[in-house]
Amino acid sequence: MPDGRAFRTLVLLAWAGFFAYLWLSGEVRRYLGPRTYWVVPFGAAVLLGAALVQLVTLRSGPSGQRLSMKQIGGLAVLLVPVIAVAMVPRAELGALAASRKSTGGLAPGAGYIAPPPPSSHAEPSFIDIHFANESASYGATRGVVDGRAIELVGFVSQPPGSPGATFQLTRFYVSCCAADAIPYSVVIDPAEVTGGFSTNMWLSVSGVLRQDGDGFSVEARDIQKVPEPQDPYLY
Amino acid sequence: VVNSGATIARPVSSNALLWALAVVAAGLVLSARALGLADVAAAETFVLIFTSIVIEALPFVLMGALVSALIEVYVPEKAFTRIGKLPLPVQLPAAALGGFAFPVCECGSVPVARRLISRGMHPASGLAFMLASPILNPIVLTSTAIAYRGRGIGGEMVLGRAGLGLILAIVAGWALGGEGAAELLRARPDDAEQRDEAGAGAGNFGAFANHLASDFFFMGRFVVLGGAIAALLQTSIPQSLVSGVARTPIIGALALMGLAFVLSLCSEADAFVAVSFIQFPLASQLAFLVFGPVVDAKLALLYGATFRRRFVVRLLVVALPIVLAGSLWFEVALR
């Protein structure tokens, strides 16, 4: 009859397999940022190694203690995340997460200094528009200026209140994992573009930047529904 | 029936239990799919945040368990005897500064500290190491510098974080580690089993693997529970709630310390979140960066399982005033 080590081996194998699945399927991008991708193959390799050693001792060593209900409960807890992912596969951070993670629209505190613009020549994106609202020099350096053509891909975090009204397009920026995701939103004016834009719908918006007293928004020329990008976050 | 001291553990057929668990898990998955749980925004948010915390944290727990097992099996007893003989005023800051050399965040430092204390290091020094390493380790300080470089205060924030973290670790280690290891550490039910299995002829490598797996399982379950609590709080409480008190330095710092507890972020990433709290003064952001790696929702469970006697409450009593005073002084010094 299997003893406690057999159950422990199974849990180790389950986690090693889960990490391997995340790595091989590319699903790791849903949970982690590139800085921490390495933990997944590391976890898979070490857990697999630990499971193999447990297997060897299971076959050659003396039989271990049988498990009480409490011990089995403790081990089963470790399987909860794996089961949760099977219950809710391909989960997304959407409008609800954006509303929970937004720190509100208050102005920066005293002494706040906007960051210098990155040296990147990439097209301006959500975070650049956010900082351009706080610093004109940042906006000028990154090309976030009135009349500039721009294309953004994001999800609808606040749908238009009525047909033709503005809505918010959002993208999360992730550092290590989805728990530290920060939402950055841009107001989209659909102008002449018609269509129903519902919450959490992924859109590709092409248009021009417009600046008024509330900051930058995008006046849309074209709006296309698109599938969720393979990499849902920006970094 | 296995009689273990005064308590009677009910043995259960492992095969039957494994099948029962498999059936329950399959039932949960099928029910969730049938009910369309994946389309419920709150469920999606909870599961994604919960699993991302666990996926990121477990390998660090594993790393801590690796180091802990190495210490247990391969570091000779006399090394700890020698360290134990050093006077506390030398041991304590040296242990705290040891955090510079241990690039593992908070989940990994708890099993290592437990092992160090149980092998003979002074409890105050073990605690100082545990509290310092998630703040002082080079990866954390580098990420802090990168996050704040954009604001032109990368160096100042690194110095502030490292300095306040070091002070907190030494003072809290001294204040909470005055008792003996037996009084500080909570006995673990699997300790005896580990010793039995380790001494059962499996050799050093077998003992190493046993200790590794045992620490991983013990700490891992609390990371899972803590991750679930943090995800639940993140899903249900809007962060904008704390923005209303942003302008008040003391309340702002307390609010961000509370938020750090709720978010339970990895210390290697928290600077990127802290820097986004632009409504808050730097004092509040520093409080977030020093308090979070020392006390958060998942750590509270880990500490509770590792240490005795309301350790978390006593740590809070020490950490809150130090972090608050230190972060406010930092803001004044920076001006």
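Look a little higher up for the structure.
Described in the following lines is the structure provided in the data block. What you see is a predicted model; the values in this text were computed from it and never measured.

### Observations regarding the interface of chain A and chain B
- Chain A puts 83 residues into the contact, and the matching count from chain B is 75 residues.
- Carbon and sulfur atoms supply 72% of the area buried between chain A and chain B, which totals about 6,800 Å² over both sides.
- Taken together, the links from chain A to chain B amount to 0 salt bridges.
- In this assembly, chain A and chain B are joined by 6 residue pairs in polar contact (both at pLDDT 80 or more).
- If you tally residues by element for the side of chain A that touches chain B, the top one is helix α1 (residues 4-25) of chain A, at 10 residues.
- Of the residues belonging to the side of chain A that touches chain B, the class tally is 57 nonpolar, 15 polar and 11 charged.

### Regarding the sheet that holds strand β2 (residues 167-173) of chain A
- Ordered by their spatial adjacency, 5 strands build a closed barrel running β1-β2-β3-β5-β4 (chain A), and the pairing between neighbours is mixed. For this sheet, the mean inter-axis angle between neighbouring strands, taken without regard to orientation, is 60°.

### Here we look at the nonpolar core
- Among the nonpolar cores identified, the biggest contains 143 residues, and Trp15 of chain A together with Tyr148, Phe288 and Tyr303 of chain B are the most heavily contacted of them.
- Of all the elements, helix α2 (residues 41-74) of chain B adds the most residues to this core, at 16 residues.
- Setting aside residues no more than four positions away along its own chain, phenylalanine 288 of chain B makes contact with Leu256, Leu259, Ala260, Leu263, Leu265, Asp270, Val273, Ala274, Phe277 and Pro293 of chain B.
- In this structure, Tyr173, Ile188, Phe197 and Ile223 of chain A belong to the second largest nonpolar core, which totals 26 residues.

### Describing the packing of α2 of chain B against helix α11 (residues 203-236) of chain B
Residue and element names in this part refer to chain B.
- Running from N to C, α2 and α11 point in directions that differ by 155°, and their axes come no closer than 6 Å. Of the possible angle classes, the one that applies to α2 and α11 is roughly antiparallel. In the crossing of α2 with α11, the sense of the turn from one axis to the other is right-handed.
- The residue inventory of the contact of α2 with α11, partitioned by class, reads 28 nonpolar, 8 polar and 2 charged.

### Section: the packing of aromatic side chains
Residues and elements named next belong to chain A.
- Counted according to the given criterion, the structure contains 17 aromatic pairs over all chains.
- Geometrically, the ring pair formed by tryptophan 15 and phenylalanine 18 is edge-to-face, given 5.3 Å between the ring centres and 80° between the ring planes. Of this pair, tryptophan 15 and phenylalanine 18 both sit in helix α1, 3 residues apart, roughly one helical turn.
- A residue is classified by how much of its surface remains accessible, and phenylalanine 18, at 6% relative accessible area, is buried.

### Focus: helix α17 (residues 311-334) of chain B
Residue and element names in this part refer to chain B.
- With 24 residues, α17 should reach 34 Å at 1.5 Å per residue; the first-to-last C-alpha distance of 34 Å fits that figure.
- Of all the bends in α17, the greatest, near 25°, is centred on alanine 319, and the proline proline 321 appears no more than four residues after it.
- Those residues of α17 that sit buried are Phe311, Val312, Leu315, Val318, Ala319, Ile322, Val323, Leu324, Gly326, Ser327, Phe330 and Glu331.
- In this structure, the buried side of α17 is in contact with α6 (123-136), α8 (154-176), α9 (181-184), α13 (249-263), α15 (282-291) and α16 (297-306).

### Thoughts on empty space enclosed by the protein
Residue and element names in this part refer to chain B.
- Across all of its chains, the model carries 4 cavities of 30 Å³ or more by this definition.
- A volume near 80 Å³ is recorded for the largest cavity.
- Elements with a minimum of two residues in the lining of the largest cavity: α2 and α5 (106-118).

### Some details on α15 of chain B
Residue and element names in this part refer to chain B.
- α15 sits mainly inside the fold: 10 of its 10 residues count as buried.
- Of all the positions in α15, only Leu282, Ala283, Ser284, Gln285, Leu286, Ala287, Phe288, Leu289, Val290 and Phe291 are classed as buried.
- In this structure, the buried residues of α15 make contact with α6, α7 (138-149), α8, α13, α14 (270-274) and α17.

### With respect to a nonpolar patch on the surface
Residues and elements named next belong to chain A.
- A cluster of nonpolar side chains, Leu13, Leu48, Leu52 and Leu55, forms an exposed patch at the surface whose accessible area comes to about 310 Å².
- Secondary-structure assignment places leucine 52 in helix α3 (residues 39-60).
- Assessed through its relative accessible area of 45%, leucine 52 is described here as partly exposed.

### As for the pattern of salt bridges
Residues and elements named next belong to chain A.
- Tallied over the full model, the rule gives 10 salt bridges over all chains.
- Note that arginine 148 is salt-bridged to glutamate 123, the shortest N-O span being 2.9 Å. With a gap of 25 residues between them, arginine 148 in the loop between α8 (136-142) and β1 (149-158) and glutamate 123 in the loop between α6 (95-101) and α7 (126-132) connect regions that are remote in the sequence.
- The shortest N-O distance in the salt bridge between arginine 210 and glutamate 219 comes to 3.2 Å.

Quick notes on the rules
- Residues numbered from 1 in each chain as written.
- Chains lettered and ligands numbered in written order.
- Predicted model: local features only at pLDDT ≥ 70, side-chain atom pairs only at ≥ 80, totals over all residues.
- Heavy atoms only, no water.
- Contact = heavy atoms within 4.5 Å.
- Buried area = accessible area lost by both parts, 1.4 Å probe.
- Salt bridge = Lys/Arg side-chain N within 4 Å of Asp/Glu carboxyl O.
- Polar contact = N/O pair within 3.5 Å; in protein donor to acceptor, adjacent residues only side chain to side chain.
- Helix = DSSP H or I, 4+ residues; strand = E, 2+ residues; numbered from the N terminus.
- Nonpolar A, V, L, I, M, F, W, Y, C, P; charged D, E, K, R; others polar.
- Pairing = 2+ DSSP bridges.
- Axes fitted to C-alpha atoms, helices over the stretch in contact; angles between N-to-C directions.
- Core = buried A, V, L, I, M, F, W, Y, C linked by side-chain atoms within 4.5 Å.
- Buried < 20%, exposed > 50% of the residue type's maximum accessible area, 1.4 Å probe, protein only.
- Parallel < 35°, antiparallel > 145°, perpendicular 65-115°, else oblique.
- Left-handed = near helix turned anticlockwise from the far one by under 90°.
- Phe/Tyr/Trp six-rings, centres within 6.5 Å; stacked < 30°, edge-to-face > 60°.
- Expected span 1.5 Å × (residues − 1).
- Bend = angle between axes of the 7 residues up to and from the residue.
- 1 Å grid on protein atoms, 1.4 Å probe; cavity = no way out; pocket = protein on both sides within 12 Å on 5 of 7 lines; lining within 4 Å.
- Points joined across faces, edges and corners; volume = space filled by probe spheres on them.
- Patch = residues over 30% accessible without salt bridge, like charges linked within 9 Å, V, L, I, M, F, W, Y side chains within 5 Å.
- Areas by Shrake-Rupley, 256 points an atom, 1.4 Å probe, with all protein chains shown as cover.

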